[in-house]
Amino acid sequence: MELDERRLEVINRVVEEKGEAAIPDLLSLMEKNEDDPELIEMTIEVLRRMDEKIIDSLREYLRDKQKRLNANPREYKEEAYRTTLLVVIDLVGELGYQEDIPLIESFLGVFDQEKAHLIIYEAIAKLGGGSKYLDLLELLAFEDDFTEEMIEQVIMTLSYIDEPRALFDLLKITKFEWLDVNQKIMVENGLKRLLGFHKEFYELLEKDPYGKKVLKRLLEVNE
C-alpha cells in the first residue's frame, strides 16, 4: 500500500509539473507496465481527473497506432500494447464524439478475445454507434456458452444503445436467475438510464406484462 501511494505521488507530481504535456508520458508508463494492474488503475485515475483536457492527446495516440496498424497489420498485432490501447479507447468513448467511432472501430481486428471487443463496443455505444452491434450483443447475451463471463460488459453496452430493442434485451436479462447482486443492480441501472433519456420507453414497458412488473419495481426503488 505504501509503495502504491508513493507511485501515485510520483505520477501526480509529473502531472502537476507538466500538465497536459504529461499525457504521452502517462500512456508510455502504462505501455511499459501492462502486467501491473495497480499501476494501470492509478494512471487511469489520474487521467480521468484531467477530464476533457486529455481527449486530443488520446486521439493522437490512437491515430499514431492506427497508422502503424494500417502500415503493417501483422507486425502491429504482435507488438500492440493491448491493455493501454483498450484504456485509451474506453476513455475516448467517455470523452469523445460520434466522429471518433471509425477511429475506435479500426482496432477491432487487433484483438482476438470477445471481452476486448466488448470494451470497444461499449465505447462505440457511448458515442451513439452501438445499434449496429445489437445482433452480436444478443448472440453473446442469449446464445453464447460464455454468457455468464461476459454479461456485465454486455449489460453496460446495451445500456448506452438508445433503442427499444436494447431496452427489451435488458428486460430479458433481468430474468436470468444466475445474476449476482451487483449484476442485478447493473441491469436495473441500465434500464433506468434508458428510461431517463427516453420517456416514451415507459409506455413500452407498461404495455408488456413482465415489463410492467419490472417498471413498478424500479419506480418503487426510486421513491
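Owing to the predicted nature of the structure, the values given are computational and were not obtained by experimental measurement. (Residues numbered from 1 in each chain as written. Predicted model: local features only at pLDDT ≥ 70, side-chain atom pairs only at ≥ 80, totals over all residues. Heavy atoms only, no water.)

> Quick question: what am I supposed to make of the overall build of the protein chain here?
Helix and strand content of the protein chain: 14 helices and zero strands. Each helix (α) and strand (β) of the protein chain, taken in turn from the N terminus, gives the series α-α-α-α-α-α-α-α-α-α-α-α-α-α. Taking the principal axes of the C-alpha coordinates as reference, the protein chain spans close to 55 × 40 × 30 Å. By the burial criterion, 45% of the 223 residues in the protein chain qualify as buried. Nonlocal contacts in the protein chain, meaning residues at least 24 apart in sequence, comprise 68% of its contacts between residues at least 6 apart. Roughly 12600 Å² of accessible area belongs to the protein chain as shown, and the carbon and sulfur atoms make up 48% of that amount. Distance between charge centroids for the protein chain: 2 Å, based on 31 positive and 51 negative side chains. (Helix = DSSP H or I, 4+ residues; strand = E, 2+ residues; numbered from the N terminus. Buried < 20%, exposed > 50% of the residue type's maximum accessible area, 1.4 Å probe, protein only. Contact = heavy atoms within 4.5 Å. Areas by Shrake-Rupley, 256 points an atom, 1.4 Å probe, with all protein chains shown as cover. Lys, Arg positive; Asp, Glu negative; His and termini not counted. Charge placed at Lys NZ, Arg CZ, Asp CG, Glu CD.)

> Help me out: how do you make sense of the pattern of salt bridges in this one?
Two side chains with opposite charge may pair up if their charged atoms get near one another. In this structure the tally under the stated criterion is 15 salt bridges. Among the ionic pairs, D90 bridges to R48, the shortest N-O distance being 3.3 Å. Of the two residues, D90 sits in helix α6 (residues 82-95) while R48 sits in helix α3 (residues 37-50), which places them 42 residues apart along the sequence. As a salt-bridge pair, E94 and R48 come within 2.6 Å of each other at their nearest N and O atoms. With E94 in helix α6 and R48 in helix α3, the pair connects residues that are 46 residues apart, well separated along the chain. Classification of E94 by relative accessible area gives partly exposed; the value is 36%. Several salt bridges converge on common partners, so that one network encompasses R48, D90 and E94. (Salt bridge = Lys/Arg side-chain N within 4 Å of Asp/Glu carboxyl O.)

> Mind showing me how you'd approach the nonpolar core here?
Nonpolar side chains in soluble globular proteins tend to be buried together. Core analysis: the largest hydrophobic core is formed by 73 residues, its most contacted members being L47, L62, L85, F107, L158 and I173. In terms of residue count, α6 provides more of this core than any other element does, eight residues in total. Those residues in contact with L158, other than ones at most four positions away along the chain, are L134, L137, A166, D169, L170, I173 and L194. (Core = buried A, V, L, I, M, F, W, Y, C linked by side-chain atoms within 4.5 Å.)

> Even after reading the chapter, I still don't get the layout of surface pockets, so can you show me in this structure?
It is the rolling of a water-molecule-sized probe over the atoms that shows where space remains empty. What the largest pocket holds in volume is close to 220 Å³. In terms of residue class, the lining of the largest pocket is built from seven nonpolar, one polar and three charged. Residue assignment for the lining of the second largest pocket shows that the elements contributing at least two residues are α2 (23-32) and α4 (55-71). For the lining of the second largest pocket, the leading source of residues is α4, giving five residues. Split into classes, the residues belonging to the lining of the second largest pocket amount to three nonpolar, two polar and four charged. (1 Å grid on protein atoms, 1.4 Å probe; cavity = no way out; pocket = protein on both sides within 12 Å on 5 of 7 lines; lining within 4 Å. Points joined across faces, edges and corners; volume = space filled by probe spheres on them. Nonpolar A, V, L, I, M, F, W, Y, C, P; charged D, E, K, R; others polar.)

> Please clarify how helix α10 (residues 147-158) should be interpreted in this entry.
Since the α-helix turns once every 3.6 residues, residues separated by three or four places project in the same direction. End to end, α10 covers just 14 Å across 12 residues, shorter than the expected 16 Å (1.5 Å per residue, more than 12% under). Restricting attention to buried positions, one finds in α10 the residues T147, M150, I151, V154, I155, T157 and L158. All buried residues of α10 fall inside an arc of 160° around its axis, so they share one side. (Expected span 1.5 Å × (residues − 1). Arc of directions from axis to C-beta.)

> Even after reading the chapter, I still don't get the side chain of Q183, so can you show me in this structure?
Summarising the element assignment, Q183 is placed in helix α12 (residues 181-197). Apart from the residues within four sequence positions on either side, Q183 is in contact with E148, I151, E152, I155 and W178.

> What exactly am I supposed to notice about the packing of α10 against α12 here?
A pair of packed helices is captured by two measures, namely the crossing angle of their axes and the spacing between those axes. Here α10 crosses α12 at 20°, and the two axes come no closer than 9 Å. By the criterion of interaxial angle, the relationship of α10 to α12 is roughly parallel. The two elements α10 and α12 meet at a crossing, and its hand is left-handed. Contact residues: E148, I151, E152, I155, M156 and L158 in α10; Q183, M186, V187 and L194 in α12. Here the contact of α10 with α12 is built from residues that sort into seven nonpolar, one polar and two charged. (Axes fitted to C-alpha atoms, helices over the stretch in contact; angles between N-to-C directions. Parallel < 35°, antiparallel > 145°, perpendicular 65-115°, else oblique. Left-handed = near helix turned anticlockwise from the far one by under 90°.)

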